[in-house]
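# Results of the structural survey
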Amino acid sequence: MTPVLLSSPLQGFTDFRFRNAFHHYFGGIDTFYAPYIRLQGKMVIKNSYQLDLAPENNSTLDIIPQVMTNDPDEFLFVVKYVQSLGYNELNWNLGCPYPMVTKSGMGSGMICQPAKIDDVLHKAHNESDIVVSMKMRMGYENPEEILDTFPILDKYPLKNIAIHARIGKQLYKGPVDLDAFEKCVTATKHKLYYNGDITSVKAFKEISKRFSTLDHFMIGRGLIADPFLPSMIKNNTEEYPKNRWEIFSEFHDTIYQQYDEYLSGPTPIKMKMQGFWQYFAETTSNPHKTFKAIKKAQNPQKYRQAVDKILRTEMEFG
Ligand SMILES: Cc1cc2nc3c(=O)[nH]c(=O)nc-3n(C[C@H](O)[C@H](O)[C@H](O)COP(=O)(O)O)c2cc1C
């Protein structure tokens, strides 16, 4: 069975520039989730979200927009917005772990509130014909919270529930809890997608073997750290293409150029690329040295020199 691979959204990383370049150079992803839209009290869609979802910026890819809210009216507002752009599905984020979000009862802080979840889903299904899918953790405090939420979720014709097999309290630390995830598999009528720590072909094989009834897998950080991972999973190989670093180099230059045009001044582009290199470095031969070299580069010329040196080293020894 060929797995369906989905790109799990990372706010600040997987915007349309990244997605388009990724798809062009590496492939292997069937559908990309866009990072969440958050309204922050006003019924206004921020410009950066508008750009990210604009059909002309997503003409070659299959994209699913996402929202993070606990308010039925906000949800419906975003439904109308994405429908006006031609999307027919909206993914709902009940996974975000950050205290600023969870303390206001959103993201993974909402999983333990089935009645509020019901309110949002009721309005969405009563007042629109959008297809709703979910992306959630198993709870905030403990992984049983989701089990109490399933009866509510089961009332609605959700397309699927993607589960990041952690709880909110963990943030991104500690291992995924596969035993708790296993309990979810039989506890809902909905189709589940697995998400969490697919960072290698080996890790993918172990997870897909254990959960052999699942055929949809979401990859987030692993796909930035190793952009070849999805296509290697699809081709069932652990071999990189011979020109691995040449391809990576072209990809890097493509996103650099686009972010450089979009962001003004040397500091924002430096911070943007440093963010990416925190992940890219992980699959170089010396992650610590690689990231240190990037951090040390204080201006665009020095950054270019650092990248060239890193890639030369990888091409020689990689
Ligand atoms: C910096 C960062 C930003 C994220 N932004 C989002 C987001 O916008 N929406 C979402 O559903 N998940 C978001 N996530 C969670 C990831 O999509 C994913 O569920 C999580 O990292 C676990 O999967 P992974 O181990 O494959 O990365 C974010 C994670 C990180 C580290």
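Residues numbered from 1 in each chain as written. Predicted model: local features only at pLDDT ≥ 70, side-chain atom pairs only at ≥ 80, totals over all residues. Heavy atoms only, no water.

Under an unreviewed UniProt entry, the protein has the name tRNA-dihydrouridine synthase and belongs to Brumimicrobium oceani. Annotation of the protein in UniProt includes, under Cofactor (unreviewed entry), the sentence "FMN". (UniProt positions renumbered as here; feature names shortened; annotations may be inferred.)

### A word on the packing of helix 11 (residues 244-262) against helix 12 (residues 266-280)
Two elements in contact, helix 11 and helix 12, have axes separated by 10 Å at closest approach and are oriented at 150°. As far as their axial angle goes, helix 12 and helix 11 are roughly antiparallel. Both helix 11 and helix 12 take part in a crossing whose hand is right-handed. Between helix 11 and helix 12, the contacting residues are Phe248, Phe251, His252, Ile255, Tyr256, Tyr259 and Asp260 on the first element and Ile269, Lys272, Met273, Phe276, Trp277 and Phe280 on the second. In the contact of helix 11 with helix 12, the residues fall into 10 nonpolar, 1 polar and 2 charged. (Axes fitted to C-alpha atoms, helices over the stretch in contact; angles between N-to-C directions. Helix = DSSP H or I, 4+ residues; strand = E, 2+ residues; numbered from the N terminus. Parallel < 35°, antiparallel > 145°, perpendicular 65-115°, else oblique. Left-handed = near helix turned anticlockwise from the far one by under 90°. Contact = heavy atoms within 4.5 Å. Nonpolar A, V, L, I, M, F, W, Y, C, P; charged D, E, K, R; others polar.)

### A short note on the pattern of salt bridges
Here the structure, examined in full by the defined rule, presents 16 salt bridges. Asp253 is the salt-bridge partner of Arg304, the closest N and O atoms lying 3.0 Å from each other. Placement of Arg304 in helix 14 (residues 300-317) and of Asp253 in helix 11 is noted, with a sequence separation of 51 residues between them. You can call Asp253 partly exposed: its relative accessible area is 30%. In this structure, Asp308 engages Arg304 in a salt bridge whose closest nitrogen and oxygen atoms are separated by 3.0 Å. Placement of both Asp308 and Arg304 in helix 14 is noted, with a separation of 4 residues, approximately one turn of the helix. Accessibility expressed as a relative area gives 31% for Asp308, which makes it partly exposed. (Salt bridge = Lys/Arg side-chain N within 4 Å of Asp/Glu carboxyl O. Buried < 20%, exposed > 50% of the residue type's maximum accessible area, 1.4 Å probe, protein only.)

### Things to note about the site of the ligand
Taken together, 19 residues are adjacent to the ligand, and Ser8, Pro9, Asn195, Asp197 and Arg221 come closest. Within the side chain of Gln66, one N or O atom sits 2.8 Å away from an oxygen atom of the ligand. One of the side-chain N or O atoms of Lys135 is found 2.8 Å from an oxygen atom in the ligand. For the ligand, whose unbound accessible area comes to 610 Å², protein coverage reaches 92%. Classifying every residue of the shell around the ligand by side-chain character gives 8 nonpolar, 8 polar and 3 charged. (Near = heavy atom within 4 Å. Polar contact = N/O pair within 3.5 Å; in protein donor to acceptor, adjacent residues only side chain to side chain. Areas by Shrake-Rupley, 256 points an atom, 1.4 Å probe, with all protein chains shown as cover.)

### A look at the domain arrangement of the protein
Once the domains are mapped, the protein shows domain 1 (4-234) and domain 2 (244-317). If you average the C-alpha positions of domain 1 and of domain 2, the two centres end up 28 Å apart. If you look at the interface, domain 1 gives 18 residues, while domain 2 gives 17 residues. Counting the contacts that link domain 1 with domain 2 gives 0 salt bridges. Run the count over domain 1 and domain 2 and you get 4 residue pairs in polar contact (both at pLDDT 80 or more). Counting residues per element, the ones that place at least two in the side of domain 1 that touches domain 2 are helix 1 (16-25), helix 2 (47-53) and helix 9 (221-225). (Domains from an automatic or database assignment.)

### As for helix 11
For an α-helix the count is 3.6 residues per turn, leaving residues at separations of three or four pointing the same way. Here helix 11 is 19 residues long and its end C-alpha atoms lie 27 Å apart, about the 27 Å a rise of 1.5 Å per residue gives. Along helix 11, the residues that are buried comprise Arg244, Trp245, Ile247, Phe248, Ser249, Phe251, His252, Thr254, Ile255, Tyr256 and Tyr259. Among the structural elements, helix 1, helix 12 and helix 14 are those in contact with the buried residues of helix 11. (Expected span 1.5 Å × (residues − 1).)

### Some thoughts on helix 12
If you check helix 12, its first and last C-alpha atoms are 20 Å apart, about what 15 residues at 1.5 Å a residue would give, namely 21 Å. Inspection of helix 12 places Ile269, Met273, Gln274, Gly275, Phe276, Trp277, Tyr279 and Phe280 among the buried residues, and these make up the whole buried set. Each element contacted by the buried residues of helix 12 is listed here: helix 1, helix 9, helix 11, helix 13 (287-296) and helix 14.

### Structural notes on a positive patch on the surface
A cluster of like positive charges, contributed by Lys289, Lys292, Lys296, Lys309 and Arg312, occupies part of the molecular surface. When residues of the positive patch are traced back to their parent elements, those giving at least two are helix 13 and helix 14. When residues in the positive patch are grouped by element, the largest group, 3 residues, is from helix 13. Overall, Lys289 belongs to the exposed group, its relative accessible area being 57%. (Patch = residues over 30% accessible without salt bridge, like charges linked within 9 Å, V, L, I, M, F, W, Y side chains within 5 Å. Lys, Arg positive; Asp, Glu negative; His and termini not counted. Charge placed at Lys NZ, Arg CZ, Asp CG, Glu CD.)

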